[in-house]
Amino acid sequence: MERLVERLEKAVERLETVCQGPGLCGEGSSEGVAQYVQAFDALLAGPVAEYVKISKEVGGDVQKHAEMVHAGLMSERALLVVASQHQQPAENAFSALLKPILEQIQAVQNFREKNRGSKMFNHLSAVSESIPALGWVAMAPKPGPYVKEMTDAAMFYTNRILKEYKDVDKKQVDWVKAYLSIWTELQAYIKEYHTIGLTWNKTGPVATEGAKAAPVAPAGVAPPPPGPPPPPAPVSSSTDDSASRSALFAQINRGEGITSGLRHVSDDMKTHKNPALKNQGGPVRSGPKPFTAPKPACNANPSQTTSPKAPPLLELEGKKWRVENQENATNLVISDTELKQVAYVFKCTNSTLQIKGKINSITLDNCKKLGLVFDDVVGIVEIINSRDVKVQVMGKVPTISINKTDGCHVYLSQSSLDCEIVSAKSSEMNVLIPTEGGDFTEFPVPEQFKTVWNGQKLVTTVTEIAG
């Protein structure tokens with residue numbers, strides 16, 4: 001990882017040096033540079049520079065992540081320079097121009113996934129959830145709202161950072177403000193210069209795949225994943241995930257034109273208007289076939305057809321209990337607990353976990369059909385990106401947070417009836433309250449709301465769903 005970061009730093013330095021050179025990124029001065037490129041440079045010199053500066057002060061994984069984000073923004077600047085000098089290209093060429101940006105997005109998100117045990121995991125998650133905002137250049141006709149949507153995805157984690165460091169470390173609070181200001185300023189920038197999509201030069205030559213690579217790619221250096229765009233080369237037939245995502249952005253960018261290639265079906269070709277067609281000998285397509293996994297051609301190299309599963313894990317790492325990749329495990333128990341410890345449960349399926357004693361906090365992430373039973377939690381129980389989970393409180397817990405989860409049953413105890421349940425982007429949530437007879441009464445958590453303007457502020461109330 002250190003070698004990768006070192007290569008990234010060198011690549012960014014080369015990119016910055018080249019972009020400051022004459023005739024490469026806008027003549028090195030404001031003369032000959034499109035106004036919207038200058039405005040983007042102001043964003044880089046303002047909010048982005050502040051974010052990188054504070055991230056460097058925080059250090060560690062946050063600093064490495066910030067360097068990747070900065071490289072992604074530099075790749076986006078290079079595309080803006082191309083757009084300011086060229087006409088909009090064909091789909092294939094545009095997909096190639098988008099590829100460096102999409103590779104940066106993927107590098108940022110992969111870094112988070114490889115560092116789930118990081119102390120700064122909330123920071124990494126906030127960046128990873130919002131970094132797809134760099135794809136606004138392929139969004140039309142509403143790139144601004146797309147950036148806003150990606151920014152909102154980061155709020156869950158930035159709020160957790162603010163809650164944890166509000167009265168402890170002002171630098172962490174400043175980091176949140178600096179990072180969010182990047183996307184706020186980007187929305188204002190898009191609204192002014194690219195309201196309905198990326199603005200291209202109407203009089204210049206048509207952009208090609210090599211239009212972007214020539215000015216920024218240093219020769220003789222193997223480009224690392226977060227580095228500058230590669231030099232011009234024929235498009236290979238073996239595309240990766242990034243290329244596929246580029247094609248997707250290109251398709252989205254077509255707007256209504258995406259249906260232009262569809263063939264009209266006349267009435268005499270429709271089976272519901274001509275039943276006789278169903279009786280003909282040829283095969284009749286009644287709709288798409290259900291998905292079936294393709295069978296491997298041979299078993300000579302099974303590693304190419306199936307990815308190995310991560311091993312199940314239940315261990316104490318420092319102050320964190322890690323319970324990961326458990327499947328069909330019905331007797332998982334954590335009993336030797338302390339107040340300062342936390343539990344992180346990740347990618348567990350069809351399993352049950354019991355946590356005895358008093359613990360600081362519990363997080364369920366990417367779990368499916370998991371049952372959790374615990375005694376006491378002094379902080380918070382968080383359920384994220386999960387499905388069909390059941391949580392039972394035997395003792396007391398002050399707060400339960402449910403985010404991006406479908407299907408969640410929370411069984412409260414008599415001593416935990418004052419628990420606050422906070423939910424967002426979730427569905428099929430139910431809270432079960434104990435009765436005197438020992439049974440539970442089920443109450444659904446509202447999912448639909450009504451908001452009205454009362455003349456001074458917005459007032460939101462729960463709306464009953466008519467069944």
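The rules behind the values
Residues numbered from 1 in each chain as written. Predicted model: local features only at pLDDT ≥ 70, side-chain atom pairs only at ≥ 80, totals over all residues. Heavy atoms only, no water. Helix = DSSP H or I, 4+ residues; strand = E, 2+ residues; numbered from the N terminus. Contact = heavy atoms within 4.5 Å. Areas by Shrake-Rupley, 256 points an atom, 1.4 Å probe, with all protein chains shown as cover. Phe/Tyr/Trp six-rings, centres within 6.5 Å; stacked < 30°, edge-to-face > 60°. Buried < 20%, exposed > 50% of the residue type's maximum accessible area, 1.4 Å probe, protein only. Pairing = 2+ DSSP bridges. Axes fitted to C-alpha atoms, helices over the stretch in contact; angles between N-to-C directions. Expected span 1.5 Å × (residues − 1). Bend = angle between axes of the 7 residues up to and from the residue. Salt bridge = Lys/Arg side-chain N within 4 Å of Asp/Glu carboxyl O. pLDDT = per-residue confidence, 0-100. Polar contact = N/O pair within 3.5 Å; in protein donor to acceptor, adjacent residues only side chain to side chain.

Regarding the overall build of the chain
At step 1: Secondary structure summary: the chain contains nine helices and 16 strands in total.
At step 2: Long-range contacts, defined as pairs at least 24 residues apart, comprise 42% of the intrachain contacts of the chain with a sequence gap of at least 6.
At step 3: If you sum the accessible surface of the chain, you get close to 26,200 Å²; carbon and sulfur atoms cover 52% of it.

A few points about the packing of aromatic side chains
At step 1: Under the criterion given, the structure shown has twelve aromatic pairs.
At step 2: With centroids separated by 6.3 Å and ring planes inclined at 65°, the aromatic side chains of F121 and Y344 adopt a geometry described as edge-to-face. Of the two residues, F121 sits in helix α5 (residues 121-130) while Y344 sits in strand β4 (residues 342-346), which places them 223 residues apart along the sequence. Accessibility assignment for this pair places F121 and Y344 in one class, buried.
At step 3: Ring geometry for Y344 and F346: centres 6.1 Å apart, planes at 10°, overall stacked. F346 carries the same exposure label as Y344, and that label is buried.

Quick look at the pairing of strand β7 (residues 368-377)
At step 1: The sheet contact formed by strand β5 (residues 349-359) and β7 spans eight bridges and is parallel. What sits directly across from I355, in β7, is F374.
At step 2: For β7 and strand β9 (residues 387-393), the ladder comprises five bridges, and the chain directions are parallel. Residue pairing in the sheet places V373 in a bridge with Q392 of β9.

Brief notes about the sheet that holds strand β3 (residues 332-334)
At step 1: Spatial strand order, β3-β5-β7-β9-β11-β13-β14: seven strands in an open sheet with mixed pairing. Each having just a single partner strand, β3 and β14 (440-444) make up the two edges of the open sheet. The mean inter-strand angle of the sheet, taken between neighbouring strand axes irrespective of direction, is 15°.

Observations regarding helix α6 (residues 143-165)
At step 1: Given a rise of 1.5 Å per residue, 23 residues ought to cover 33 Å, and the 33 Å separating the end C-alpha atoms of α6 matches this to within 8%.
At step 2: Along α6, the largest kink reaches about 35° and is centred on M155.

Describing the pattern of salt bridges
At step 1: The final tally for this structure, using the stated rule, is 14 salt bridges.
At step 2: Between E317 and R322 there is a salt bridge, with its nearest N and O atoms 2.8 Å apart.
At step 3: Given a relative accessible area of 18%, R322 falls into the buried group.
At step 4: The salt bridge involving D388 is made with R387; its shortest N-O contact spans 3.8 Å.
At step 5: Linked through salt bridges whose partners overlap, the residues forming this network are R112, E113, R116, E129, D365 and K404.

A short note on the confidence of the model for the chain
At step 1: Confidence along the chain averages 79 in pLDDT terms, with 71% of residues attaining 70 or more.
At step 2: Below a pLDDT of 50 lies the segment residues 17-30, which in the model reaches 17 contacts outside its immediate sequence neighbourhood of four places, other chains included.
At step 3: Per-residue pLDDT stays below 50 along residues 281-306; that stretch engages in four contacts with residues further than four places along the chain or on separate chains.

What about the side chain of S125?
At step 1: If you trace the backbone, S125 turns up in helix α5.
At step 2: Accessibility expressed as a relative area gives 0% for S125, which makes it buried.
At step 3: At 3.0 Å, the side chain of S125 forms a polar contact with the side chain of R112.

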